[in-house]
Amino acid sequence: MAARQPFTDSDTADEAVRATCDDATTCKRFASSKGYWKDPYIQYFVRSVGERKAPEINRGYYARVRGVNILLDAFIRKTECNCQVINLGAGLDTTFWRLKDEDLLPKKFFEVDFPTVVARKIHNIKTKPPLSKPLIETHSTDSLLLDGHSLDSDRYCIIGADLRDISSMDEKLKKFSLNPELPTLLLSECVLVYMTPSQSSNIIHWAAETFHTAMFVNYEQVNMGDRFGQVMIENLQRRQCPMSGVEACQSLDSQKERFLKTGWEHADALDMMTIYGILPQDDMARVERLEFLDERELLQQLLQHYSICWATKDKLKLGLAQLAF
C-alpha cells in the first residue's frame, strides 16, 4: 500500500486561502441582506446571514462589488456580449446569474477555482433549482456535462484547477470551448496576492499571450508598506495564510507594472477610496443612509489599502483602453 503523503505547510496555506472564499461570501451575504446591493442568489451558497459586520466592512464590499461590476459590464457592453469572461479563483461568486437576469451574458462565462471549492459549488448548483434553472435555460441540449470537479453548459462552465499549474488549467479551459479569438475579460479578486510573484506573473503573462483582445481586472490589496498593511499581513499570517505576492501590492504603480511588463498594452489603477468617491452619487446617498458610520477614518484607511487595477490589449481596436470609472 502506498504511504500517505505528509501534510505540508503549503497544504495548510492552501486550506487557509480556501477559507478566505467563505469569509468573502459571508460578508457579501450580510451586506446584501442589509440592502447595500441586491443579490438574490448568494443565499443558496450561504444559508445564514451570520453575525453582524461593521458598517465600514459593508461599505468596503459595496465599493468592491460596484467597482468590479462597472468595469465588467462596460466591457460586455463594448463587445455587445460577443465575448467571454474568466473568473479566476471565483469562489462562490454569483456574477453569472446577475448577468443573465440583466440580459448581459457573454458568449460563455468560465470560473476556475480549487477542486474542493468547485465541488461544493457544483453541489449547490445541482441541488438548488434557482441556480440550475438559468443554466438549463441557456443550454441547447437536455444534459449538462458534469463530473465532481467540472460542470459545462453552453454559457457557463466551472472548472476545478490549480491556478499555479497554468498548462493544466489552459488544457481544461480549451477542452470546454475557451476561444482565444474572442474578446476576453479576466477577473481576479484577492487571488494573485496568495501566490508567489512568479506564479501570478505566469498567469498574467499567459492571459496576455493567449488573448489578443482582452481586459484583466484585478481587485487586491495596495499600499501594504505602512503599519496598517503590516497588521493586515500579520493577521493573515496568524491564520496560516501568507500573502506570498504582497510585493506587487506596494503601490498603484507596482500593481500596474506587473501587467505592463508581461505583455499588456495599457494599465491603470485606483485605490478603493478614490473609487468610493466617484461611484454614482444617488446610490452612494442611499448606501450611506443604511447604517450610521461612527469611524469614517477607519473606512478611509481600509479603502486606501485596496485597489482595482485593470489592464487591456486591443488588437480588434474596440477602444478597451477607454474603459474606466
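The coordinates are above.
Now for a look at the structure at hand. (Residues numbered from 1 in each chain as written. Predicted model: local features only at pLDDT ≥ 70, side-chain atom pairs only at ≥ 80, totals over all residues. Heavy atoms only, no water.)

**Concerning the sheet that holds strand β4 (residues 150–152)**
Step number 1: Sheet architecture is open: 9 strands sit in the order β3-β4-β5-β2-β1-β6-β7-β9-β8, paired in mixed fashion. Across the chains shown, the open sheet's two edge strands, defined by having one partner strand only, are β3 (145–147) and β8 (266–271). Strand after strand, the sheet turns through a mean of 15 degrees between neighbouring axes, direction not considered.
Step number 2: Judged from the 3 bridges that link them, β3 and β4 form a sheet pairing that is antiparallel. Each residue of the ladder has a partner; that of L146, found in β4, is L151.
Step number 3: Against the sheet, helix α4 (residues 115–127) contacts β2 (108–113), β3, β4 and β5 (156–160), and its axis sits at roughly 145 degrees relative to β5. (Pairing = 2+ DSSP bridges. Helix = DSSP H or I, 4+ residues; strand = E, 2+ residues; numbered from the N terminus. Axes fitted to C-alpha atoms, helices over the stretch in contact; angles between N-to-C directions. Contact = heavy atoms within 4.5 Å.)

**Points about unusual backbone geometry**
Across residues other than glycine, the phi torsion is negative in most instances, and most of the peptide bonds are trans.
Step number 1: Of note, C190 is a non-glycine position whose phi angle comes to about 50 degrees, a positive value.
Step number 2: Structurally, C190 is set in the loop between β6 (184–189) and α7 (197–210).
Step number 3: By relative accessible area, C190 is classed as buried at 16%.
Step number 4: Of note in the backbone geometry, N223 takes a positive phi value of approximately 55 degrees without being a glycine.
Step number 5: By secondary structure assignment, the location of N223 is in the loop between β7 (213–221) and α8 (227–238). (Buried < 20%, exposed > 50% of the residue type's maximum accessible area, 1.4 Å probe, protein only.)

**A short note on the layout of surface pockets**
Step number 1: A volume near 180 Å³ is recorded for the second largest pocket.
Step number 2: If you trace the second largest pocket, you find it lined by P197, S200, S201, I204, G245, E247, A248, S254, E257, R258, K261 and T262.
Step number 3: Looking at the lining of the second largest pocket, the elements with two or more residues in it are α7 and α9 (252–260).
Step number 4: Among the residues forming the lining of the second largest pocket, the class breakdown is 3 nonpolar, 5 polar and 4 charged. (1 Å grid on protein atoms, 1.4 Å probe; cavity = no way out; pocket = protein on both sides within 12 Å on 5 of 7 lines; lining within 4 Å. Points joined across faces, edges and corners; volume = space filled by probe spheres on them. Nonpolar A, V, L, I, M, F, W, Y, C, P; charged D, E, K, R; others polar.)

**Looking at the pairing of β2**
Step number 1: By the criterion of burial, β2 is predominantly enclosed, with 6 of the 6 residues buried.
Step number 2: The alternating pattern of β2 places K108, F110 and V112 and F109, E111 and D113 on opposite faces, both of which are buried.
Step number 3: Here strand β1 (residues 84–88) runs beside β2; their pairing, made up of 5 bridges, is parallel. Residue Q84 lies in a different strand from β2, and its bridge partner there is K108.

**Here we look at the pattern of salt bridges**
If charged atoms from side chains of opposite charge come close, those side chains can pair.
Step number 1: The tally for this structure, following the rule as stated, stands at 20 salt bridges.
Step number 2: We note a salt bridge from D22 to R120, for which the minimum N-O separation is 2.7 Å. In this pair, D22 is assigned in helix α1 (residues 9–33) and R120 in helix α4, connecting sequence segments 98 residues apart.
Step number 3: Classification of D22 as partly exposed rests on a relative accessible area of 29%.
Step number 4: In this structure R120 comes out as partly exposed when scored by relative accessible area, which is 36%.
Step number 5: Each of R59, E288 and R296 takes part in one network of salt bridges that share partners. (Salt bridge = Lys/Arg side-chain N within 4 Å of Asp/Glu carboxyl O.)

**A look at helix α2 (residues 55–78)**
Step number 1: In a regular helix each residue adds 1.5 Å, so 24 residues correspond to 34 Å; α2 covers 34 Å between its end C-alpha atoms and thus fits that length.
Step number 2: Of all 24 residues in α2, 18 are buried, a share of seventy percent or more. (Expected span 1.5 Å × (residues − 1).)

**Considerations on the nonpolar core**
Soluble globular proteins tend to pack their nonpolar side chains together in the buried interior.
Step number 1: Formed by 70 residues in total, the largest nonpolar core has its most connected members in W97, Y156 and I308.
Step number 2: With 9 residues, the top contributor of residues to this core is α2.
Step number 3: Dropping the residues within four chain positions of it, I308 is found in contact with G67, V68, L71, V217, N218, Y219, D268, A269, L270, M272, I275 and F325.
Step number 4: Judged by nonpolar contacts, the second largest core, of 31 residues, contains L88, F176, I203 and C309. (Core = buried A, V, L, I, M, F, W, Y, C linked by side-chain atoms within 4.5 Å.)

**Topic: the packing of α2 against helix α11 (residues 281–288)**
The angle between the axes and the distance between the axes are what describe a pair of packed helices.
Step number 1: Running from amino to carboxyl end, α2 crosses α11 at an angle of 155 degrees, the nearest separation of the two axes being 12 Å. The orientation of α2 relative to α11 falls into the category roughly antiparallel. When the axes of α2 and α11 are compared, the crossing they make is right-handed. Contacts between α2 and α11 involve R59, Y62 and R66 from the former and D283, M284, R286, V287 and E288 from the latter.
Step number 2: Classifying every residue of the contact of α2 with α11 by side-chain character gives 3 nonpolar, no polar and 5 charged. (Parallel < 35°, antiparallel > 145°, perpendicular 65-115°, else oblique. Left-handed = near helix turned anticlockwise from the far one by under 90°.)

**Quick word on the packing of aromatic side chains**
Step number 1: Under the defined criterion, the tally for this structure stands at 12 aromatic pairs.
Step number 2: Taking 4.8 Å as the distance between ring centres and 50 degrees as the angle between the ring planes, the aromatic pair formed by F96 and Y156 counts as tilted. Taken as a pair, F96 in helix α3 (residues 95–101) and Y156 in strand β5 lie far apart in primary sequence, 60 residues in all. Y156 carries the same exposure label as F96, and that label is buried.
Step number 3: Relative to W264, the ring of F216 lies with its centre 6.0 Å away and its plane at 85 degrees, an arrangement referred to as edge-to-face. Remark: W264 occurs in the loop between α9 and β8 and F216 occurs in strand β7; sequence separation between them is 48 residues. Accessibility assignment for this pair places F216 and W264 in one class, buried.
Step number 4: Through pairs of rings, three or more aromatic residues link up here, namely Y41, F45, F96, W97, F109 and Y156.
Step number 5: We note K121 situated over the ring of F45; from NZ or CZ to the ring centre the distance is 5.5 Å. (Phe/Tyr/Trp six-rings, centres within 6.5 Å; stacked < 30°, edge-to-face > 60°. Lys NZ or Arg CZ within 6 Å of the ring centre and 35° of its normal.)

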